[in-house]
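# Summary of structural features
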Amino acid sequence: MTTTIPTLPAPLGLLAELTHRCPLGCPYCSNPLELDKRSDELDTATWARVFHEAAALGVLQVHLSGGEPAARRDLEDIVQAARDASLYSNLITSAVGVTNERLLALSDAGLDHVQISIQDSTPESADHIAGYKGALARKQALAAEVVRLGLPLTVNVVVHRANIDHIEAMVDLALALGAGRVEIAHVQYYGWALKNRAALMPTREQVERAVGQVEAMRTRHHGRIVIDAVVPDYFARFPKPCVGGWGRRSINVTPAGKVLPCHAAEVIPGLEFWNVRAHSLGDIWRSSPAFNEFRGTGWMQEPCRSCVRKDKDFGGCRCQAFLLTGDARATDPVCHLSPHHALVEQLADVRADAPYSYRS
Ligand code: SF4
Ligand code: FES
């Protein structure tokens, strides 16, 4: 059954996955197991068209992501195309492989914002998690250059068992780097990360301590840095409104041009995704079967269907519901009202100190 919502909202953000190529091997990578090949990547002109179509739909921001977007030789042209379409452009980069000259060229092309991920607060641990020697030093060097050029900087930290006890040190590092914002995200267990779930899962005590530290840091650093953080899924009582609700806020275009309602949507079997090579972004947003599949609330089962929160969290994450229950229409088992919630509690207690399986 497909449903449409009476007034289709305008999407706010476009996630443009320019390439799946990446120099790092993070064990929590949320990209799909099957990566798009370089030969299948959209060309510059197609991205430029997509950006104009996105702006016409009401999109304000484009997040240039990957993989490592700087692996694309035409990244400056892509940034210029975003500027020409009047989109605010955010480069999401590992910083590895981005020289100062390249950053200057990107800035000259109209880049508005840079987001750099860090894996931990010390080189030993950060490089181990990234699977790349010297990664943290390169990130620090590029962050300094971003600030020197006057570009706003966000530091992104993905936390898990090996680094969650260093949250304060990582926020201190973000401050020292001159970031105006730090995003503390917990590993989402889909894509490659699912393989490493037991090796990445924090303990309940770690999560509770981290939540307290974040609150204290928000007070301590008020006015100096914005701290974005949420309680990790497996330890929450209610799910988050994943991607702001399916087909409501965001559009994700893969390197090969497939348009997804969320980053992980391809894990759900049977969804029909349309491609920007064959359709305009506007048509896809309004009419593609995958976007309409879980729009609104008509698709919901109990307990979501009669729940007062259904217009707030939209039943949680469809991908997680499928991965944990085999039914993409089920209530996200993260919700304590889900009949499958005990499964999440069990999985949150499964930990193994096995070596990481690095993204290859
Ligand atoms: Fe959200 Fe559904 Fe849980 Fe209600 S039952 S809180 S709508 S996930
Ligand atoms: Fe797909 Fe949450 S990641 S809906």
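Residues numbered from 1 in each chain as written. Chains lettered and ligands numbered in written order. Predicted model: local features only at pLDDT ≥ 70, side-chain atom pairs only at ≥ 80, totals over all residues. Heavy atoms only, no water.

### Some words on the sheet that holds strand S6 (residues 181-186)
Sheet architecture is open: 9 strands sit in the order S7-S6-S5-S4-S3-S2-S1-S8-S9, paired in mixed fashion. Two strands close off the open sheet at either side, each with one partner strand: strand S7 (226-229) and strand S9 (259-260). Bridging between strand S1 (residues 13-17) and strand S2 (residues 61-65) involves 5 bridges; their strand directions are parallel. Residue Glu-17 lies in a different strand from S2, and its bridge partner there is Ser-65. (Pairing = 2+ DSSP bridges. Helix = DSSP H or I, 4+ residues; strand = E, 2+ residues; numbered from the N terminus.)

### Regarding the packing of helix H6 (residues 167-177) against helix H8 (residues 204-220)
It is the contact of H6 with H8, at a shortest axis distance of 10 Å, that shows an interaxial angle of 30°. By the angle between their axes, H6 is roughly parallel relative to H8. In terms of crossing hand, the pair formed by H6 and H8 is right-handed. Taking contact as the criterion, the partners of Ile-167, Glu-168 and Val-171 in H6 are, on H8, Ala-210, Gln-213, Val-214, Met-217 and Arg-220. Of the residues belonging to the contact of H6 with H8, the class tally is 5 nonpolar, 1 polar and 2 charged. (Axes fitted to C-alpha atoms, helices over the stretch in contact; angles between N-to-C directions. Parallel < 35°, antiparallel > 145°, perpendicular 65-115°, else oblique. Left-handed = near helix turned anticlockwise from the far one by under 90°. Contact = heavy atoms within 4.5 Å. Nonpolar A, V, L, I, M, F, W, Y, C, P; charged D, E, K, R; others polar.)

### A few points about the pattern of salt bridges
What the rule picks out here adds up to 18 salt bridges. Taking the shortest distance from any N to any O, the salt bridge between Arg-286 and Asp-283 comes out at 3.7 Å. You can see Arg-286 and its partner Asp-283 sitting in helix H9 (residues 281-287), 3 residues apart, about one turn around the helix. (Salt bridge = Lys/Arg side-chain N within 4 Å of Asp/Glu carboxyl O.)

### Brief notes about the nonpolar core
One finds Leu-14, Phe-51, Ile-167 and Leu-281 to be the most contacted residues of the largest nonpolar core, which totals 87 residues. Among the elements that line this core, the one with the most residues is H6, at 7 residues. Discounting residues that sit within four places of it in the chain, Leu-14 has contacts with Val-50, Phe-51, Ala-54, Val-59, Gln-61, Val-62, His-63, Ile-251, Val-253 and Leu-281. Counting 19 residues, the second largest nonpolar core, distinct from the first, contains Tyr-190, Leu-271, Ala-290 and Phe-294. (Core = buried A, V, L, I, M, F, W, Y, C linked by side-chain atoms within 4.5 Å. Buried < 20%, exposed > 50% of the residue type's maximum accessible area, 1.4 Å probe, protein only.)

### Re the pairing of S6
What you see with S6 is a clean split: Val-182, Ile-184 and His-186 sit on the buried side and Arg-181, Glu-183 and Ala-185 on the side with no burial. One ladder, built from 6 bridges, connects strand S5 (residues 153-159) with S6; its direction is parallel. When the sheet's bridge partners are listed, Val-158 is paired in S6 with Ala-185. Read from S5 through H6 to S6, the crossover connection turns out right-handed. Where S6 lies against S7, 4 bridges are found, and the strand directions are parallel. Across the sheet, the residue bridging to Ile-184 is Ala-229, located in S7. (Right-handed = clockwise from strand over helix to strand, strands pointing away.)

### Notes on the environment of Trp-274
Mapped onto the secondary structure, Trp-274 falls in the loop between S9 and H9. C-alpha separation for the pair Trp-274 and Leu-24, spaced 250 residues apart in sequence, amounts to 30 Å. Not counting residues up to four positions away in its chain, the partners in contact with Trp-274 are Gly-257, Lys-258, Val-259, His-279, Asp-283, Ile-284, Ser-287, Ser-288 and Pro-289. In terms of polar contacts, Trp-274 uses its side chain to reach the side chain of Glu-272, at 3.1 Å. (Polar contact = N/O pair within 3.5 Å; in protein donor to acceptor, adjacent residues only side chain to side chain.)

### Observations regarding the packing of aromatic side chains
Counting across every chain of the model gives 5 aromatic pairs. Between Trp-246 and Phe-294, the aromatic rings sit 5.0 Å apart at their centres with planes inclined by 85°, giving edge-to-face as the arrangement. In this pair, Trp-246 is assigned in the loop between S7 and strand S8 (250-253) and Phe-294 in the loop between helix H10 (289-293) and helix H11 (310-313), connecting sequence segments 48 residues apart. By relative accessible area, which is 4% here, Phe-294 ends up buried. One aromatic cluster is present, formed by Trp-246, Phe-294 and Trp-299 through successive ring pairs. Sitting over the face of the ring of Trp-192, Lys-195 holds its NZ or CZ atom 4.7 Å from the ring centroid. Between Arg-309 and the ring centre of Phe-238, over which it is positioned, the NZ or CZ distance is 3.9 Å. (Phe/Tyr/Trp six-rings, centres within 6.5 Å; stacked < 30°, edge-to-face > 60°. Lys NZ or Arg CZ within 6 Å of the ring centre and 35° of its normal.)

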